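Reading the structure
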Amino acid sequence: MKEKFARWNILFIQYLKLDWKKIIVWILGLGLFAAAFIPVFEEMAKGDGLIGMYETLQNPAMTSIVGPTPVKRASDYTLGAMYAHEMLLFSSLFAMTISILHVIGHTRKEEDLGLTELVRSFHIGRQANSLSVIIQTIFINLLLGLFVAGVMMSFGAATISAKGSFLFGASIFVAGIMGGGIALVMAQIMPVSSAATGSSLGIMGLLYIIRAGTDITNINLSMLNPLGWTYLTYPFTENHLRPIIYALLLTTILIIIAFSLEGARDMGSGYLPEREGRANAKKSLLSVPGLFIRLNKGIIISWLVTFLILGIAYGAIYGDMESFLESNEMMKQMFTYSGVTIEESFTATIMMVMAALVTILPIAIVNKLFSEEKNLYLNQIYGTKVNRSQLYFTRILVGTFAGLIGILLAGGGLGGTAISVMKDSSMDLLDFIAISYNFLPTVLFFTGLAALVLGWIPTLGKVVYVYLAYSFFLAYFQGILDLPEWFLKTAPYGWLPQMPIESFDLKIFMIIIGLSSLLIIIGYLGYNIRDMVEGA
């Protein structure tokens with residue numbers, strides 16, 4: 001037994017040295033997301049904010065998104081109860097997702113790349129790598145949970161108790177290690193790392209969908225769902241420890257199963273065989289567009305479905321929108337403007353949120369061209385008559401097309417649901433779709449920015465996401481931050497008029513599209529002359 005895990009501690013230390021930057025970003029990024037919004041929630045709670053928020057979140061559509069609360073009366077809904085109600089489930093989902101990607105990246109993906117075989121050629125136990133990775137994942141999530149608890153207590157907010165803060169952090173901790181356990185099992189079962197990642201995230205998504213139904217119909221059934229154990233702890237209200245124990249037991253069982261499966265399989269293989277492909281390729285794969293659409297089909301479909309679901313979920317809020325906004329002064333500042341109806345002002349802000357989410361997809365598609373280049377996936381194409389311009393512009397077109405469809409689904413889902421839940425709407429479905437396409441230039445701008453980076457400095461592709469996040473937060477909180485006009489113009493969302501509050505401006509619309517096209521062309525000039533970054 002000891003031989004199987006020999007020198008795991010050496011690998012553990014080496015992984016810490018290798019991942020220290022990622023670990024810092026992981027803990028700070030997710031930790032601050034989970035814990036640092038308490039001052040914002042304090043502002044939201046002022047006046048009748050808690051009552052308005054409680055009534056809004058009792059909507060079944062909202063319960064299916066954020067989960068339930070044990071509080072039965074609005075008068076008992078505290079700041080701590082509201083914070084856990086809105087933040088804990090999504091923080092747990094992020095913790096699971098990051099742990100899944102981390103575990104598979106250091107196990108099955110390294111195995112696929114031949115790195116595991118190289119490590120095993122030394123005096124390292126056959127399963128030492130998996131043990132070191134899962135222990136590292138547990139260690140990181142433990143630090144994350146403690147960091148979250150510490151940050152929450154540091155604000156000294158009313159009803160944010162030490163006990164509740166540590167339970168909140170513990171809930172995120174067990175969510176992360178459960179994700180790591182699921183990933184470790186799927187890494188043994190699936191034939192390749194991409195399948196292991198997809199199946200692990202698929203299991204997490206399925207658990208989320210199941211709990212969305214049981215949270216509405218029978219909350220007791222949610223306790224049978226492993227994902228339910230992450231938020232049914234009810235920090236700051238009932239403070240249940242039992243779900244934490246369930247999660248720890250499940251994680252232990254998953255790790256034991258994973259090691260048993262790994263010990264009985266050959267390296268590089270899985271228990272599920274790779275699906276046999278077609279004997280003859282489809283004609284569509286003979287073209288660059290057909291190939292790229294096929295390679296990106298999974299990510300495009302999953303994101304488009306997400307946009308539609310989010311549009312429907314946001315649309316369901318419209319039924320309680322007026323009472324919610326009237327209950328809190330900060331919400332009024334963020335979502336209402338003089339001279340227009342609440343519906344119109346709320347739509348302007350929500351569509352900006354949806355447009356920012358849609359923008360992620362084309363950026364991801366453009367950036368994926370560099371990852372395929374770096375991992376040598378396009379080598380065989382480079383040896384044919386296909387030139388770089390075909391690869392570059394085809395990828396840009398695929399990303400742009402995905403963005404166009406994403407805007408339509410987000411706007412259509414939002415408008416269709418909003419109209420159905422409102423008794424008297426001043427807007428029709430075409431109005432919602434028109435407002436959504438008002439943000440098309442910003443989607444194209446970020447696509448062009450991603451293309452520019454791909455052409456000249458491809459290793460900085462993730463910086464585009466940072467600028468997108470900066471632009472989003474600047475536009476989202478502009479109503480309460482009272483920032484100077486010139487500062488708001490540093491983000492693309494400040495360039496466009498806010499429909500339907502302001503009138504559509506064709507001139508600005510076309511200027512931003514022209515600027516986006518210029519960025520794409522400049523990016524192509526760099527892509528056409530730079531060396532390919534292969535095997536880096």
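Here's a quick rundown of the structure.

The rules behind these values
Residues numbered from 1 in each chain as written. Predicted model: local features only at pLDDT ≥ 70, side-chain atom pairs only at ≥ 80, totals over all residues. Heavy atoms only, no water. Helix = DSSP H or I, 4+ residues; strand = E, 2+ residues; numbered from the N terminus. Rg over C-alpha atoms; globule rule 2.2 N^0.38 Å. Buried < 20%, exposed > 50% of the residue type's maximum accessible area, 1.4 Å probe, protein only. Areas by Shrake-Rupley, 256 points an atom, 1.4 Å probe, with all protein chains shown as cover. Lys, Arg positive; Asp, Glu negative; His and termini not counted. Charge placed at Lys NZ, Arg CZ, Asp CG, Glu CD. Salt bridge = Lys/Arg side-chain N within 4 Å of Asp/Glu carboxyl O. Expected span 1.5 Å × (residues − 1). Polar contact = N/O pair within 3.5 Å; in protein donor to acceptor, adjacent residues only side chain to side chain. Patch = residues over 30% accessible without salt bridge, like charges linked within 9 Å, V, L, I, M, F, W, Y side chains within 5 Å. Contact = heavy atoms within 4.5 Å. Axes fitted to C-alpha atoms, helices over the stretch in contact; angles between N-to-C directions. Parallel < 35°, antiparallel > 145°, perpendicular 65-115°, else oblique. Left-handed = near helix turned anticlockwise from the far one by under 90°. Phe/Tyr/Trp six-rings, centres within 6.5 Å; stacked < 30°, edge-to-face > 60°. Lys NZ or Arg CZ within 6 Å of the ring centre and 35° of its normal. Core = buried A, V, L, I, M, F, W, Y, C linked by side-chain atoms within 4.5 Å. Nonpolar A, V, L, I, M, F, W, Y, C, P; charged D, E, K, R; others polar.

Concerning the overall build of the chain
Helix and strand counts for the chain come out as 24 helices and 0 strands. At 25 Å, the chain has a C-alpha radius of gyration in line with the 24 Å of a compact globule built from 536 residues. When the backbone C-alpha atoms are referred to their principal axes, the chain occupies close to 70 × 60 × 40 Å. Within the span of the chain, comprising 536 residues, buried residues form 50% of the whole. For the chain, the accessible surface area stands at approximately 24,800 Å², while carbon and sulfur atoms represent 67% of it. Looking at charge distribution, the chain has the averaged site of its 34 positive side-chain charges lying 13 Å from that of its 35 negative ones.

Remarks on the pattern of salt bridges
Under the counting rule described, the total for this entry stands at 8 salt bridges. Between Arg108 and Glu111 there is a salt bridge whose closest N-O contact spans 4.0 Å. Taken together, the residues Arg108 and Glu111, both in helix H6 (residues 108-112) and 3 residues apart, mark about one turn of the helix. You can call Arg108 buried: its relative accessible area is 1%. In this structure, Arg395 and Glu372 form a salt bridge, with 2.8 Å as the shortest nitrogen-oxygen distance. With Arg395 in helix H18 (residues 388-421) and Glu372 in helix H16 (residues 342-374), this residue pair connects regions lying 23 residues apart in the sequence. The exposure classification of Arg395 matches that of Glu372, with both residues buried. Each of Arg108, Glu111, Asp112 and Arg265 takes part in one network of salt bridges that share partners.

Focus on helix H9 (residues 162-189)
For H9, with 28 residues, the first-to-last C-alpha span of 41 Å sits near the 40 Å given by 1.5 Å per residue. Counting buried residues in H9 gives 23 out of 28 residues, a clear majority hidden from the surface. Looking at where H9 begins, the residue whose side-chain oxygen comes 3.1 Å from the main-chain nitrogen of Gly164 is Ser161.

Regarding a nonpolar patch on the surface
Taken together, the side chains of Trp456, Ile457, Leu460, Val463, Val466, Leu515, Leu518, Ile521, Ile522, Leu525 and Ile529 make up a nonpolar region of the molecular surface, amounting to roughly 990 Å² of accessible area. Those elements that provide at least two residues to the nonpolar patch are helix H21 (463-476) and helix H24 (506-529). When residues in the nonpolar patch are grouped by element, the largest group, 6 residues, is from H24. If you trace the backbone, Leu515 turns up in helix H24. Residue classification places Leu515 among the partly exposed positions, given a relative accessible area of 32%.

Section: the side chain of Arg265
Residue position: Arg265 is located in the loop between helix H12 (242-263) and helix H13 (288-316). With residues near it in sequence (within four places) discarded, Arg265 still touches Arg108, Glu111, Arg126, Ala187, Gln188 and Tyr271.

Observations concerning unusual backbone geometry
One non-glycine residue, Thr159, lies in positive phi territory at about 70°. Of note, Thr159 is situated in the loop between helix H8 (128-154) and H9. A relative accessible area of 38% places Thr159 in the partly exposed class. In this model, Phe236 sits at a positive phi of 70°, which is unusual for a non-glycine residue.

Details of H21
Look at H21: 20 Å from first C-alpha to last across 14 residues, which is about the 20 Å you get at 1.5 Å a residue. Those residues of H21 not exposed but buried are Val464, Leu468, Ser471, Phe472, Leu474, Ala475 and Tyr476.

Thoughts on the packing of helix H20 (residues 440-456) against H21
Interaxial distance between H20 and H21 falls to 10 Å at its minimum, and their mutual angle equals 155°. Taken together, the axes of H20 and H21 are roughly antiparallel relative to one another. By crossing handedness, the relation of H20 to H21 is classed as right-handed. Where H20 abuts H21, its residues Phe445, Phe446, Leu449, Ala450 and Val453 lie against Val464, Tyr467, Leu468 and Ser471.

Observations regarding the packing of aromatic side chains
Note on aromatic pairs: each is described by the distance of the centres and the angle between the planes. Inspection of every chain in the model, using the stated rule, returns 23 aromatic pairs. A cation over a ring is seen here: Arg211 above Tyr208, with NZ or CZ 4.7 Å from the ring centre. Taking the ring centre of Phe292 as reference, the NZ or CZ of Arg395 above it sits at 4.2 Å.

Considerations on the nonpolar core
Grouped together as the largest cluster of nonpolar side chains are 131 residues, with contacts concentrated most on Tyr77, Met152 and Phe168. Among the elements that make up this core, the one with the highest residue count is H16 (15 residues). Tyr77 has contacts with Leu50, Met53, Tyr54, Leu57, Thr69, Val71, Met82 and His85, leaving out every residue within four places of it along the chain. Counting 8 residues, the second-largest nonpolar core is a separate cluster that includes Leu167, Val174, Ile177 and Met178.

Quick word on a positive patch on the surface
The grouping of Arg275, Arg278, Lys282, Arg294 and Lys297 at the surface amounts to a positive patch. Along the chain, Lys297 falls in helix H13. Looking at Lys297, the relative accessible area reads 41%, which means it is partly exposed.

Regarding the environment of Phe166
Tracing the sequence through the fold places Phe166 in helix H9. Excluding residues that lie within four positions of it along the chain, Phe166 makes contacts with Leu146, Ala149 and Met153.

Quick word on the packing of H8 against H9
Interaxial distance between H8 and H9 falls to 8 Å at its minimum, and their mutual angle equals 160°. The angle between H8 and H9 places the two elements in the roughly antiparallel class. Remark: the crossing between H8 and H9 carries right-handed chirality. Of the residues that constitute the contact of H8 with H9, the class distribution is 16 nonpolar, 9 polar and no charged.

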